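# Survey of secondary and tertiary structure
Here is how the chains run, residue by residue.
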Amino acid sequence: MRNSFFCIDAHTCGNPVRLVAGGAPLLPHAPMGERREFFVRDHDWVRRALMFEPRGHDIMSGAIIYPAYRDDCDFAVLFIEVSGCLPMCGAGTIGVVTAAIEEGLVKPRTSGRVSIETPAGRVDVAYEEKSGYVDSVRLYNVPSYLHEPDVGVDVPGIGRLRVDISYGGNYYVVVEPQENWSGLDGMTAAQIVGFSRRLRDALADICDPVHPDDERIRGVHHAIWCDQPVNGRSDGRCAVFYGDKAIDRSPGGTGTSARMAQLHGKGRLAVGASYRHESLIGTVFEGRVEADAEVGSYNGILPSIGGWARVIGHNTIFVDDRDPLAHGFQIK
């Protein structure tokens, strides 16, 4: 059998977003958190085939649009990446909204605004159009919070680090410059990946955060290495690690949310304050702390993230069962 998938390829501030617009499997009409479980159980080969080599690569991310289960949402999104089916993806959301509006895949109830059902919850989005193109997008993310501050962890090759565990739609280990890590300057991409994998492995033995409202969201799978900005108009710079060896080319939407929640939780970023977050390639997300929020028994924030995406092409992808590499591969 040969399966065919029609995809709209885009990038959000440099990070790839592949929107599957045709050929995706049908899923039961259920809340998006449940549909995510159905997809992982029965159809994860689709994610692997479209995200992994030879059709994708180590930093590939994507999404599939489904009808919303919630009455207060325009549509639903399932995020598929090399790292798995994520509860939420900020760069993915910006890319999906841009591609879906420009290509006519969705018709918003209100021009300039959409509400999206994600596995992590409802995400409201505002966008601006110019001459038929989406010029900018601001997503109002799920409640984010500092889960555990000042966790001590021993990382091979680095030594003892003091890190924070923060949630912005995914759980992140947040690393700031300190005695045993001086910052991003002089680090290669390979070093960031290697240190991130060792840090994540070391944390797995001592820390397993679980979302207070949804036990299906758990575990630290992402790392964000923070430093001073290069751009004088930015407030911070970062390298976001995910998957096995991926570094986000954007500043990371859930990563920026987690960073702002961490800063707010430590009294360093007030409600109403903005946070311009710079990526390794110099692209910027415009973060803002919109309001206080409660996440279970934790005090958190309602963050918003502003950014842009560009559609870069249409792509019809075949997955042929005769192909011994039909379901993709990764080189470890």
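Below, the structure is looked at part by part.

Conventions and cut-offs
- Residues numbered from 1 in each chain as written.
- Predicted model: local features only at pLDDT ≥ 70, side-chain atom pairs only at ≥ 80, totals over all residues.
- Heavy atoms only, no water.
- Salt bridge = Lys/Arg side-chain N within 4 Å of Asp/Glu carboxyl O.
- Buried < 20%, exposed > 50% of the residue type's maximum accessible area, 1.4 Å probe, protein only.
- Axes fitted to C-alpha atoms, helices over the stretch in contact; angles between N-to-C directions.
- Helix = DSSP H or I, 4+ residues; strand = E, 2+ residues; numbered from the N terminus.
- Parallel < 35°, antiparallel > 145°, perpendicular 65-115°, else oblique.
- Contact = heavy atoms within 4.5 Å.
- Nonpolar A, V, L, I, M, F, W, Y, C, P; charged D, E, K, R; others polar.
- Phe/Tyr/Trp six-rings, centres within 6.5 Å; stacked < 30°, edge-to-face > 60°.
- Lys NZ or Arg CZ within 6 Å of the ring centre and 35° of its normal.

Moving on: the pattern of salt bridges. Scanning all chains against the criterion turns up 26 salt bridges. Across the pair Arg41 and Asp42 runs a salt bridge whose closest N-O atoms are separated by 2.8 Å. Its relative accessible area of 40% is what places Asp42 among the partly exposed residues. Notably, a salt bridge pairs Arg216 with Asp214, separated by 3.0 Å at the nearest N-O pair. Since its relative accessible area comes to 35%, Arg216 is described here as partly exposed. On the basis of relative accessible area, Asp214 is assigned to the buried category, the value being 16%. Linked through salt bridges whose partners overlap, the residues forming this network are Arg70, Asp72, Arg122 and Asp124.

To continue, consider the packing of helix H1 (residues 32-42) against helix H2 (residues 44-51). Where H1 contacts H2, the axes come no closer than 5 Å and their chain directions differ by 75°. On the basis of their axis angle, the class for H1 and H2 is roughly perpendicular. For the pair H1 and H2, the contacting residues are Phe39, Val40 and Asp42 in the first and Asp44, Trp45, Val46 and Arg47 in the second. Split into classes, the residues belonging to the contact of H1 with H2 amount to four nonpolar, no polar and three charged.

Moving on to the packing of aromatic side chains. According to the stated counting rule, one finds six aromatic pairs in the structure shown. Aromatic side chains Phe5 and Trp45 sit 6.2 Å apart centroid to centroid with 65° between the ring planes, which places their arrangement in the edge-to-face category. With Phe5 in strand S1 (residues 2-12) and Trp45 in helix H2, the pair connects residues that are 40 residues apart, well separated along the chain. Taking the centre distance of 4.6 Å and the plane angle of 35° together, the rings of Tyr145 and Tyr298 count as tilted. Of the two residues, Tyr145 sits in strand S8 (residues 144-155) while Tyr298 sits in strand S18 (residues 298-307), which places them 153 residues apart along the sequence. Looking at Tyr298, the relative accessible area reads 26%, which means it is partly exposed. Connected via pairs of aromatic rings, a cluster forms that spans Tyr145, Tyr167, Tyr171 and Tyr298. Lying over the aromatic face of Phe318, Arg2 brings its terminal NZ or CZ to 3.8 Å of the ring centre.

That bond from Glu53 to Pro54 is cis: its omega, 5°, falls within 30 degrees of zero. Inspection of the secondary structure assignment puts Pro54 in the loop between H2 and strand S3 (61-66). Even without being glycine, Asp150 reaches a positive phi, approximately 55°.

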